[in-house]
Amino acid sequence: MSTDRRAFLSTVAALSAGTMLRVPEDAGREDPWLDQMKGKHRQLFDAPEPDGGTVLRHVRSYLDVWREAYGVAEKDVSVVVVLYARTTPLGVQDAMWEKYKLGAALNLTDATTNAPLVRNYFAHPQPGDAVADGTPESSIESLQRRGVKFLLCNNALQRWSGRLEKQGLGTAADIHADLTAHALPGVVIVPAAIIAMTKAQEHGFAYVRS
């Protein structure tokens, strides 16, 4: 029997005996954000494009219809919105929009100044803002108060950091640290959007691309 074959068979035997296959200590543990989602009705919104805040309108309508048409209390409805790709800036504070010119990167103009947007009007719109349906009720902050959980993809934050580095706005590492430290209050940074969406669906969340 050749040395390679003996080594292969030894490996198979060890695996069969369970001596080489070790389960990580944290296997089976859930992410804290997922543990908090206890509603009977569970919906995941996959939101890669800002599209004028369409996803925010859809989430507000989703909650309103459950309440008004079906009499379902909001405590019985769990909603997750996943921000990544071009919606990544929606998860960070105004100061980051100004510092890293995020409105210009998304081709968004502030109607009050006719200049590139330097504040996150998806989080807290002002009168006249061309976002969602033009009311604070469709803002990220308002939806958070209704129990909606917004997730922000760390992979996307890293890609945006690299992009902003190429624009001469700092090093990717420093930009990533800055964006991470200035996520909107209540927004949860997750390692990867696709994993978060997978875990949510494994826990009974229906999926919709918005």
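From a predicted model like this one, the values you see are computed outputs, not experimental measurements.

Student: When you look at the overall build of the chain in this model, what are you seeing that I'm missing?
Tutor: A count of helical and extended segments in the chain gives 9 helices and 7 strands. Out of the 210 residues in the chain, the part that is buried amounts to 43%. For the chain, long-range pairs separated by at least 24 residues make up 69% of all intrachain contacts whose partners lie at least 6 apart in sequence. For the chain, the computed accessible surface area is about 11200 Å², with 54% contributed by carbon and sulfur atoms.

Student: What is the right way to read the packing of aromatic side chains from this model?
Tutor: Each aromatic ring pair is specified by the distance between its two centres and by the angle formed by the two planes. For the structure shown, the criterion picks out 5 aromatic pairs. With centroids separated by 5.9 Å and ring planes inclined at 85°, the aromatic side chains of Phe45 and Tyr62 adopt a geometry described as edge-to-face. Placement of the pair is Phe45 in strand β1 (residues 41-47) and Tyr62 in helix α3 (residues 54-70), with a sequence separation of 17 residues. By the burial criterion, Phe45 is buried, and Tyr62 matches it.

Procedures and definitions
Residue numbers restart at each chain and count upward from 1, following the sequence in its written direction. In view of the model being predicted, local features appear only for residues whose pLDDT reaches at least 70, and side-chain atom pairs are presented and counted only at 80 or more, with totals across whole chains, interfaces and linings using the full set of residues. Hydrogens are left out, water is left out, and the side-chain values use all remaining heavy atoms of the structure. Where helices and strands are cited, they refer to DSSP runs of H or I of at least four residues and of E of at least two residues respectively, numbered from the N terminus. Residue exposure (1.4 Å probe, protein chains only): buried if accessible area is under 20% of the type maximum, exposed if over 50%, otherwise partly exposed. We call two residues contacting when some pair of their heavy atoms lies within 4.5 Å. Where accessible areas are quoted, they stem from the Shrake-Rupley method and a 1.4 Å probe; at the residue level, only the protein chains shown are allowed to cover. Between 30 and 60 degrees the pair is tilted, below 30 it is stacked and above 60 it is edge-to-face, where a pair is any two Phe, Tyr or Trp rings, Trp via its six-membered ring, whose centres lie within 6.5 Å.

Functional significance is not addressed by these values, which are geometric in nature.
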